[in-house]
Every structure is written in structure tokens, then in C-alpha cells.
Amino acid sequence: MTSTHAFWLAGRQATGEDAFDVTSPWDGRLVAAVSIPTDAQVEEAVAAAHAVEAEFAATPAHVRAAALDHVSKRLVERTEEIAQLISAENGKPIKWARGEVGRAVSVFRFAAEEARRFNGGEAQRLDTDAGGVGRLALTRRFPRGTVLGIAPFNFPLNLCAHKVAPAIAVGTPIILKPAPATPLSGLILGELLAETDLPAGSWSVLPVANDKMPALVQDERLPVISFTGSEKVGYAIMDSVPRKHCTLELGGNGAAVVLADWASDEDLDWAATRIATFSNYQAGQSCISVQRVIADASVYERLVPKIVAAVEAQVTGDPNDAATDVGPLVDENAAKRVESWVEEAVKAGATLLTGGKRDGASYAPTVLADVPADTTISCEEVFGPVLTVRRVEGEAEAFAAVNDSKYGLQAGVFTHDLHTAFRAHRALEVGGVVVGDVPSYRADQMPYGGVKQSGVGREGVRFAMDDYTYERVMVLTGLAL
């Protein structure tokens, strides 16, 4: 069933002059027609957000928290409907789509909790120096200004939630720009927010075309930009607005390290299953999917066949089927790109252990060994269902291999040794180290982000709230402390 979707302008539903089609990556069917905001409507949204900044910042915490709680509860009530929508516009298998809705439920719940306790203020006595006798400093956080939130296609609901929920929690307006391929989940958030009592202009959802974004990025009324997407686009945004506050959540080529002490059959079965699952979930279209397996020589020969078998056991096909593990990529061009990178690696000497076949927008789960270091798939984020395996000698070489990358988002380290875990935490140049599992674990309340070319700043509800605000100090004088 297809439908027509308007967009949300300054908290109300609106219709533009033109529309674009959203189609299913799986079978090409028309999912919806989405109205495109006019230039005048985009200006109206920005002006309304700018005008309401002071009012929204002064909105009581209980009002903002109640709105966030409402969205969380409504997501629960409409879980199946929204999961079906995610699967239709994104091609994500329905079981992963249901999981994404569950995560968004938590994001709004966490934000409601944080809204109630955020910005209580921190007092600091100043009479530790003679010049500060009778003085007290009170530090609170205040919004930097309206946020331009730019979300990607791979988690079309939850990554929109990570833009919107922290903004509402701190009382700063947000203009959400969902990905052109997957705007429907973001528009659903607008529908739920429209049921709340938040002030008009405090939020808008604008599915504008990418070529309209430079003007929004440059607009001085939008001093904060929160972007999740490709390295190329993210750094182009930051370079174009050097005086704005930017949070960039960019790419990665997540490594799973399997060390010598992770050696029992049970250990290796667990590692292989987790690696196979999380190199292919979302069709590999996750910044923290497993792209590189770095295994100690003592376990390599036993581990790799287990990985190949687990990868081949992944169920591919119709994303509407509850048994499906791996669906299509976002479109056929994405699958063709993955295909070309694998072919380049094989021609350069890599060994294809399984997979390597494309069918339209779908690409078979693939494992490569002996991949030359200078191939594209070794250097870049594949963002597809492909992993490489590499043999190393010992912990030091394994950690060096992880760091031999321009990216630094997250890494997984399979070890039982607590000392090794702490050494990994110190040595690995990434934003997060997951011990005993793959790098693909993310709790939505924890700090999430990378180093090197994986971006700047952190998401995770409380940490995004910090990013959206700044410290302001008030000094009280003449106090008897």
C-alpha cells in the first residue's frame, strides 16, 4: 500500500509544491510520495526556530520530559506499523527493524529522564583563594542555539531520534533533515511530536533535497550542526562553517580482534557467530559493523572455517520474512559499489572464501582473506556485507593492525584476560572498545563516537545534550560561606 506524506513545518503538517517517490530497495515498489518543502517554507521553519529559542529554553523541564515520554510511549504502541515502514523504505529485515523501534523507544525515555535532572547547576566555592572570600560560582548549561540535525538512511528512525530527543531535552529547537532515501521514519517522529504541547517552531522535519543543504548549513541562525553520514560530506560541512559547533558521526571499518586465550571450541563458535551476524546485519550498512577480523595465528586456522560457515548460514532474502537476516542494500548503486571493491581485491590477490555475488540491490554475505593492504576494501569503509580476515602474531601486532586505519570508531576484542582488556583500552585508537564481543554493540545512553577520520563529538543522549549546550558561570558575591 502506498501513501502520500506531507512534512512537518514548525510543528504543523504542511505540503510543498512537488513530491518525490520513496521506493523499496527489495522489490522497487512505490512505498510513498513525499512532499518537498519550498524555499519559502524552509525559511519559515528556520525563522520560527530562531524566534522560539528563548521561549523553548525557558520551558519547564516537566513539559519537555512529558513530551519525550509521550513519544516513547507512542512508539511502543505503534511498533509493528513503524517497523514495517522502516523495512519498506530501507530494505532492513523486519526483525532488525523491530529492534530499531525498540532502541528509539529507549532513546526518548532516556531523554525524558535526563531532561528532569539536567542543568541543576554545580556550585563551586571560591574562597580557596583570599580574593574569593564571600564568593560562590554557580555553573549551569544553556543551549547554543537551534540545531540542524542531518540523519542518514541506515537507521532511519533511531538516528533521527538521536538528533531530536537530546535537543528537546535541553530545550533547544531542532530542524531535522532525514535522508532522501528514507524520510518516512523521521516524518513519523514529527507526527508523534505534533501530539505534544511543545511550542510551535521548536521542531520541524524537512525532507529537503541534498542540493538544498548548503544554504541551511551556512545559515547563521543554525549555530549547531549534528551530522551522521559519510566522511566526505561531514568534513565538507565542517570546513564550510568553521565557526559553528559541529558534531560529526562518520565512518568506520570496525575490527574484531580474536586473541590467543579465546581458544576453546565454545569461544570460537561464539566469536564466529557474532562476527557473522554483525558483519551482515543491516546488510553491513552500519558504521560499527564488523569489517575486519584480526585473529591470532594460534586460533586463525580453527576460527576462519567457523566464520565462513556462520556467514553462509545467514538467511538472505525478503526483508518482510521474519527469518531473513540479510536484506538488500539501500539501492542497486550501493550494491554495485560493493561488488566493484570485492572484484578489485580479488584481482589484486585476495582469496574469496564465500559470497562475492550481486543480485540487483542485494549482495551476498562475503568473506575475503589475504587482502592486499592497498586495496580500497582494506582502506575504506565498505558499508556492505563484506568482511576480511587476517592472521597476526600476538597481541601487539593485533593492536597495531587495528590502529593501522584512518578510522577509529569502535573495536571488539575477544579475550578473557582483564589485563589484556585494559591494555586494549589504552592502546586502541578508537572511541569505544568492546571486550568479549564484536565492535557493533552500542547502548544508546553511552557515549558514542570516534577519533581520527571517524568524526568529532559524541552522541548518546546525555553526551549529545552536553554538545548542544555550553557552560555559563554566575558569581554570587557577599555570601557568608
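What counts as what
Residues numbered from 1 in each chain as written. Predicted model: local features only at pLDDT ≥ 70, side-chain atom pairs only at ≥ 80, totals over all residues. Heavy atoms only, no water. Helix = DSSP H or I, 4+ residues; strand = E, 2+ residues; numbered from the N terminus. Buried < 20%, exposed > 50% of the residue type's maximum accessible area, 1.4 Å probe, protein only. Contact = heavy atoms within 4.5 Å. Areas by Shrake-Rupley, 256 points an atom, 1.4 Å probe, with all protein chains shown as cover. Lys, Arg positive; Asp, Glu negative; His and termini not counted. Charge placed at Lys NZ, Arg CZ, Asp CG, Glu CD. Patch = residues over 30% accessible without salt bridge, like charges linked within 9 Å, V, L, I, M, F, W, Y side chains within 5 Å. Salt bridge = Lys/Arg side-chain N within 4 Å of Asp/Glu carboxyl O. Disulfide = S-S within 2.5 Å. Phe/Tyr/Trp six-rings, centres within 6.5 Å; stacked < 30°, edge-to-face > 60°. Pairing = 2+ DSSP bridges. Axes fitted to C-alpha atoms, helices over the stretch in contact; angles between N-to-C directions. Polar contact = N/O pair within 3.5 Å; in protein donor to acceptor, adjacent residues only side chain to side chain. 1 Å grid on protein atoms, 1.4 Å probe; cavity = no way out; pocket = protein on both sides within 12 Å on 5 of 7 lines; lining within 4 Å. Points joined across faces, edges and corners; volume = space filled by probe spheres on them. Nonpolar A, V, L, I, M, F, W, Y, C, P; charged D, E, K, R; others polar.

> Any chance you could break down the overall build of the protein for me, citing the residues and the numbers?
Broken down by element type, the protein carries 16 helices and 25 strands. Overall, the protein is about 70 × 65 × 40 Å in size when its C-alpha atoms are taken along their principal axes. In the protein, which comprises 481 residues, the proportion classed as buried is 57%. In the protein, the proportion of contacts linking residues at least 24 apart, taken out of those at least 6 apart, comes to 72%. If you sum the accessible surface of the protein, you get close to 19,300 Å²; carbon and sulfur atoms cover 52% of it. Counting 44 positive and 62 negative side-chain charges, the protein places the averaged centre of each group 4 Å from the other.

> So what about a nonpolar patch on the surface? Which residues, and what values?
On the surface, a nonpolar cluster with roughly 330 Å² of combined accessible area is contributed by Met474, Leu476, Leu479 and Leu481. Topologically, Leu481 is positioned in the segment after strand E25 (469-477).

> Provide a residue-level description of the pattern of salt bridges, including the pertinent values.
This model, assessed by the stated rule, comprises 33 salt bridges. Across the pair Arg98 and Glu80 runs a salt bridge whose closest N-O atoms are separated by 2.9 Å. Residue Arg98 is found in helix H5 (residues 94-117), and its partner Glu80 is found in helix H4 (residues 79-90); the two are separated by 18 residues along the sequence. Take Arg98: its relative accessible area is 34%, and that puts it in the partly exposed class. As a salt-bridge pair, Arg109 and Glu113 come within 3.5 Å of each other at their nearest N and O atoms.

> I'd like a description of the state of the cysteines, backed by residues and values.
On inspection of all chains with the given rule, the structure shows 0 disulfides. Cysteine Cys160 shares no disulfide, and the gap to the nearest cysteine sulfur, in Cys287, comes to 14 Å. What makes Cys160 buried here is its relative accessible area of 1%. Here Cys246 stays unpaired: no disulfide links it, and the sulfur of Cys287, its closest cysteine neighbor, is 17 Å away.

> Let's hear about the packing of aromatic side chains: which residues, and what values?
The description of two aromatic rings rests on the distance between their centres and on the angle between their planes. Scanning the entire structure with this criterion turns up 6 aromatic pairs. Residues Trp96 and Phe278 carry aromatic rings whose centres are separated by 5.9 Å and whose planes lie at 65 degrees to one another, so their mutual orientation is edge-to-face. Of the two residues, Trp96 is situated in helix H5 and Phe278 in helix H10 (residues 265-280); the sequence distance between them amounts to 182 residues. The same class applies to Trp96 and to Phe278, which are both buried. Ring centres of Trp262 and Phe414 lie 5.3 Å apart, and the angle between their planes is 65 degrees; on these two criteria the pair is classed as edge-to-face. On the criterion of sequence distance, the pair formed by Trp262 in the loop between strand E13 (255-258) and H10 and Phe414 in strand E21 (residues 410-414) is long-range, its members being 152 residues apart. The residues Trp262 and Phe414 share a single accessibility class, namely buried.

> Help me get a handle on the sheet that holds E25, residues and values and all.
The strand order across the open sheet formed by 3 strands is E6-E7-E25, and the pairing between neighbours is antiparallel. Among the strands making up the open sheet, the edge pair consists of strand E6 (122-125) and E25. With strand direction ignored, the average angle separating the axes of adjacent strands in the sheet is 25 degrees. With 9 bridges joining them, strand E7 (residues 135-143) and E25 adopt antiparallel strand pairing. The partner of Thr139 across the bridge, within E25, is Val473.

> Explain the sheet that holds strand E15 (residues 351-354) to me, and be specific about the residues and the numbers.
Reading across the sheet, the 7 strands line up as E15-E18-E19-E14-E13-E21-E22 and stay open at both edges, with mixed pairing between neighbours. Single-partner strands in this sheet number two, and they are E15 and strand E22 (432-435). Adjacent strand axes in the sheet meet at a mean angle of 25 degrees when their direction is disregarded. In this structure, strand E18 (residues 366-369) lies alongside strand E19 (residues 386-392), joined through 4 bridges in parallel fashion. From the neighbouring strand, Leu368 faces E19, where its bridge partner is Thr388.

> Tell me about the environment of Asp261, and please be specific about residues and values.
Position of Asp261 relative to the elements: it lies in the loop between E13 and H10. Each C-alpha atom of the pair Asp261 and Asp417 lies 7.7 Å from the other, and the pair is 156 residues apart in sequence. Setting aside chain neighbours within four positions, we find Asp261 in contact with Asp267, Phe414, Thr415, His416 and Asp417. A distance of 2.6 Å separates the side chain of Asp261 from the backbone nitrogen of His416, its partner in a polar contact.

> Describe the layout of surface pockets, and please don't skip the residues or the numbers.
A volume near 1,000 Å³ is recorded for the largest pocket. Considering the residues around the largest pocket, the lining is formed by 39 residues, among which Phe153, Phe227, Gly229, Ser230 and Val233 are closest to the centre. Elements that contribute at least two residues to the lining of the largest pocket include exactly helix H8 (213-218), strand E11 (224-228), helix H9 (231-240) and helix H12 (332-347). When residues in the lining of the largest pocket are grouped by element, the largest group, 6 residues, is from H9. A breakdown of the residues in the lining of the largest pocket according to their chemical character gives 21 nonpolar, 10 polar and 8 charged. By volume, the second largest pocket amounts to about 430 Å³.

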